[in-house]
Amino acid sequence: MFMETRSSLRQICSTTFMLREQEGYAAELERTFIAIKPDGVQRGLISEIISRFERKGFKLVAVKIVIPSKDFAEKHYHDLNWRDLSLMGCAISLAPDRSLPWVWEGEGAIKYGRKLIGATDPQKSEPGTIRGDLAVVVGRIHGSDGPETAKDEINLWFKPEELVNYTHNAEKWFYGDN
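Everything in this summary refers to the structure shown in the same document. (Residues numbered from 1 in each chain as written. Predicted model: local features only at pLDDT ≥ 70, side-chain atom pairs only at ≥ 80, totals over all residues. Heavy atoms only, no water.)

1. Focus on the overall build of the protein chain
A count of helices and strands for the protein chain gives nine helices and four strands. Ordered by position from N to C terminus, the α and β elements of the protein chain give α-β-α-α-β-α-α-β-α-α-β-α-α. Each of the 178 residues in the protein chain was classed as buried or not, and the buried ones make up 35%. Taking contacts inside the protein chain between residues at least 6 apart in sequence as the whole, the part at least 24 apart equals 81%. Of the roughly 11,200 Å² that the protein chain leaves accessible, carbon and sulfur atoms contribute 55%. (Helix = DSSP H or I, 4+ residues; strand = E, 2+ residues; numbered from the N terminus. Buried < 20%, exposed > 50% of the residue type's maximum accessible area, 1.4 Å probe, protein only. Contact = heavy atoms within 4.5 Å. Areas by Shrake-Rupley, 256 points an atom, 1.4 Å probe, with all protein chains shown as cover.)

Here's what the structure looks like:
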């Protein structure tokens, strides 16, 4: 019985390794920008949102509390069509109260960060996502939508010396180096 179980376990591990090789680690280590806007800060949702990113396996490499000016918020949303009043609300929702910008790091952090956040419209967000569970109106949490955007947003909100590099003790458990 023991030998059969050991053989089965070896086969499962071998198959898992082959599947992983075929996937080619589709996701790679990257950084993403996430911002909790003033309503999330005021509603006390910070720890709930942090826990979702930590449980996914991401590590926090930068965080601060800021009160962005309207001009700064417009810089952040420079690529929006300002004729659309609902989009203008996204920038205005950042100012003039406390926001919590973060930089999270991990394999596929941009793609999976967006999945954790959910669809832009909370009414179209799936249950289990941050917006699906916690938001009522559009524009209350922000997440980078691609590598270039993440890089630009991180550089806008953080100085290079504010970003930390470290190895989290649990990384081997998230990424399989055990």
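Back to the text.
2. Points about the sheet that holds strand S3 (residues 100-107)
What holds strands together in a sheet is hydrogen bonding between their backbones, with the strands either parallel or antiparallel. The strand order S2-S3-S1-S4 describes an open sheet built from four strands, whose pairing is antiparallel. Of all the strands in the sheet, the pair left with one neighbour each is strand S2 (59-63) and strand S4 (141-143). Strand after strand, the sheet turns through a mean of 25° between neighbouring axes, direction not considered. Across four bridges, the pairing between S2 and S3 is antiparallel. Residue pairing for S3: Val-63 is matched across the bridge by Trp-102. (Pairing = 2+ DSSP bridges. Axes fitted to C-alpha atoms, helices over the stretch in contact; angles between N-to-C directions.)

3. Some points on the pairing of strand S1 (residues 29-36)
Note that S1 and S3 share eight bridges and pair antiparallel. Note that in S3 the partner of Ile-36 across the bridge is Leu-100. Inspection of the sheet shows S1 paired to S4 by three bridges, in the antiparallel sense. Of the residues in S4, the one forming a bridge with Ala-35 is His-142.

4. Digging into empty space enclosed by the protein
In this approach, a probe sized like a water molecule rolls over the atoms, and the result shows the empty space that is left. Within the structure shown, the criterion is met by one cavity of 30 Å³ or more. Lining the largest cavity, in full, are Ile-36, Asp-39, Gly-40, Arg-43, Leu-45, Ile-49, Ile-130, Arg-131, Leu-134, Ala-135, Arg-140 and Ile-141. A per-element tally of the lining of the largest cavity places helix H7 (residues 130-134) first, with three residues. Tallied by class, the residues present in the lining of the largest cavity amount to seven nonpolar, one polar and four charged. (1 Å grid on protein atoms, 1.4 Å probe; cavity = no way out; pocket = protein on both sides within 12 Å on 5 of 7 lines; lining within 4 Å. Points joined across faces, edges and corners; volume = space filled by probe spheres on them. Nonpolar A, V, L, I, M, F, W, Y, C, P; charged D, E, K, R; others polar.)

5. A closer look at the nonpolar core
Within the largest apolar cluster, 16 residues are counted, with the highest numbers of intra-cluster contacts made by Ile-34, Ile-36, Ile-49, Phe-53, Trp-102, Ile-130 and Ile-141. Of all the elements in the fold, those that place two or more residues in this core are S1, helix H3 (46-56), S3, helix H6 (109-117) and H7. Residues within four places of Ile-49 in sequence aside, it is in contact with Ile-36, Trp-102, Ile-130, Leu-134 and Ile-141. Ile-154, Trp-157, Phe-158 and Leu-163 belong to the second largest nonpolar core, which has nine residues in total. (Core = buried A, V, L, I, M, F, W, Y, C linked by side-chain atoms within 4.5 Å.)

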